[in-house]
Amino acid sequence: LAVAGLISGVAIIAIYEATLPTITRNKARELQEAVFKVLPGVTRMQKLAYRNGELTVVTAPEKDDRLVYGGYDGNGAFLGYAIPGAGPGFQDTIGLLYGYEPERRLVVGMEILESRETPGLGDKIYKDAAFVANFEALAIDPEIVSVKKGKKVNPNEVDSITGATISSKAVVRIINETQATWAPRLPEPGAQPALAEPDEPGTREDGR
């Protein structure tokens, strides 16, 4: 039994080591696709980390770095940030990415990256197109507010999903908390980090 357990353990480790590069590449591709999705018009991106009191371009992130992603158009003009956030949902952690345009102070897109919310209810935070559309031009001031479906009247309000109120409010809470963390770290509009290199990896694969 011990030998069988040892062999099984070695096999699991070997499979993990063999598949890790593929898993890493897939996650990087999925993240890049999400950045382009939450920031309309973006064709280039680069990693940014807050170091020594300023937002800095990084090519090799350090272990403790918390990253955001700068989005740029084909001419290298800055369009916005894609900011990752995570927090508890109804059942488990919800991980998401949202696009933020600092000049307009708007959330311009939201993509769920990780969720184990209840199928048919909580999973509507990424399956319900009407809910996701709430985040296409959403004001962050004074903060984002979740309201009962059909009651949205202000630019900072989000219509919750009927039957999935907790999950809906969790998404709003995560974005508010993440924005509160990053707001003092982001430079003033017009002072964002420039695109480091025209040929730096991060171009859309379709060339758009």
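This text goes with the structure placed above it.
It should be emphasised that the depicted structure is a prediction, and the values quoted were computed from it without experimental measurement.

> Can you help me understand unusual backbone geometry in this one?
Geometrically, the link from Asp141 to Pro142 is a cis peptide bond, its omega value of -5° lying close to zero. By secondary structure assignment, the location of Pro142 is in the loop between strand S7 (138-139) and strand S8 (145-147). A positive phi is found at Asn52, a non-glycine position, where the angle reads about 50°. Along the chain, the position of Asn52 falls in the loop between strand S1 (44-51) and strand S2 (54-57). Taking relative accessible area as the criterion, Asn52 reaches 82% and is therefore assigned exposed. A positive phi angle is found at Arg105, which is not glycine, with a value near 55°. Its location among the elements puts Arg105 in the loop between strand S5 (93-101) and strand S6 (106-114).

> What should I look at first to understand the sheet that holds S5 in this one?
Spatial strand order, S2-S1-S3-S4-S5-S6-S7: seven strands in an open sheet with antiparallel pairing. Looking at the sheet topology across the chains shown, the edges are occupied by S2 and S7. The sheet contact formed by S1 and S2 spans four bridges and is antiparallel. Bridging across to S2, Tyr50 finds its partner in Leu55. Together, S1, S2, strand S3 (67-72), strand S4 (78-88), S5 and S6 form the strand contacts of helix H4 (residues 165-182), whose direction differs from that of S4 by roughly 120°.

> Explain the environment of Leu121 to me, please; I cannot follow it from the model alone.
In this fold, Leu121 is placed in the loop between S6 and helix H2 (124-127). In this structure Leu121 comes out as partly exposed when scored by relative accessible area, which is 38%. Considered as a pair, Leu121 and Ala164 are 43 residues apart in the sequence and their alpha carbons are 5.5 Å apart. Beyond its immediate sequence surroundings of up to four residues, Leu121 is in contact with Gly163 and Ala164.

> Is there a simple way to explain the nonpolar core in this structure?
Buried together is how nonpolar side chains tend to be arranged in soluble globular proteins. Residues Tyr81, Val107, Phe131, Phe135, Val171 and Ile175 are the most contacted members of the largest nonpolar core, which totals 28 residues. Breaking this core down by element, the ones donating at least two residues are S4, S5, S6 and H4. Broken down by element, the residue count for this core peaks at six residues, all from H4. In terms of nonpolar packing, the next biggest core, distinct from the first, is built from 16 residues, Ala34, Val35, Val58 and Leu106 among them.

> Please explain the packing of aromatic side chains as it appears in this structure.
Any pair of aromatic rings gets described here by the distance separating the centres and the angle formed by the planes. Counted by the stated rule, this structure contains three aromatic pairs. A ring pair is formed by Phe131 and Phe135, whose centres lie 5.3 Å apart and whose planes are at 75°; its orientation type is edge-to-face. The same class applies to Phe131 as to Phe135, namely buried. Looking at Arg185, its charged tip hangs above the ring of Trp182, at a distance of 5.3 Å from the centre.

> Explain the side chain of Asp123 here, please?
On the secondary structure map, Asp123 appears in the loop between S6 and H2. The class of Asp123 is buried, set by a relative accessible area of 6%. Leave out the neighbours within four places in its chain, and Asp123 touches Glu117 and Thr118.

> What am I meant to see in the pattern of salt bridges here?
Throughout the structure, instances matching the rule amount to nine salt bridges. Its salt-bridge partner being Asp65, residue Arg51 comes within 2.5 Å of it at the nearest N-O pair. Of this pair, Arg51 sits in strand S1 while Asp65 sits in the loop between S2 and S3, placing them 14 residues apart in sequence. Assessed through its relative accessible area of 22%, Arg51 is described here as partly exposed. Asp65 gets classed as buried once you look at its relative accessible area, which sits at 18%. Among the ionic contacts, a cluster of salt bridges with common partners joins Asp92, Glu114 and Arg116.

> Teacher, can you tell me more about the pairing of S5 here?
Regular strands place side chains that alternate from one sheet face to the opposite one. The element S5 is largely enclosed, with a buried count of eight among its nine residues. Of the strand pairs in this sheet, S4 and S5 are connected by eight bridges, and their pairing is antiparallel. For Gly85, the partnering residue across the bridge sits in S5 and is Leu96. The hairpin formed by S4 and S5 contains four residues between the paired strands. With seven bridges joining them, S5 and S6 adopt antiparallel strand pairing. Paired with Gly99 across the strands is Gly109, a residue of S6.

Conventions used here
Residues numbered from 1 in each chain as written. Predicted model: local features only at pLDDT ≥ 70, side-chain atom pairs only at ≥ 80, totals over all residues. Heavy atoms only, no water. Helix = DSSP H or I, 4+ residues; strand = E, 2+ residues; numbered from the N terminus. Buried < 20%, exposed > 50% of the residue type's maximum accessible area, 1.4 Å probe, protein only. Pairing = 2+ DSSP bridges. Contact = heavy atoms within 4.5 Å. Axes fitted to C-alpha atoms, helices over the stretch in contact; angles between N-to-C directions. Core = buried A, V, L, I, M, F, W, Y, C linked by side-chain atoms within 4.5 Å. Phe/Tyr/Trp six-rings, centres within 6.5 Å; stacked < 30°, edge-to-face > 60°. Lys NZ or Arg CZ within 6 Å of the ring centre and 35° of its normal. Salt bridge = Lys/Arg side-chain N within 4 Å of Asp/Glu carboxyl O.

Just geometry here; none of it tells us what the structure is for.
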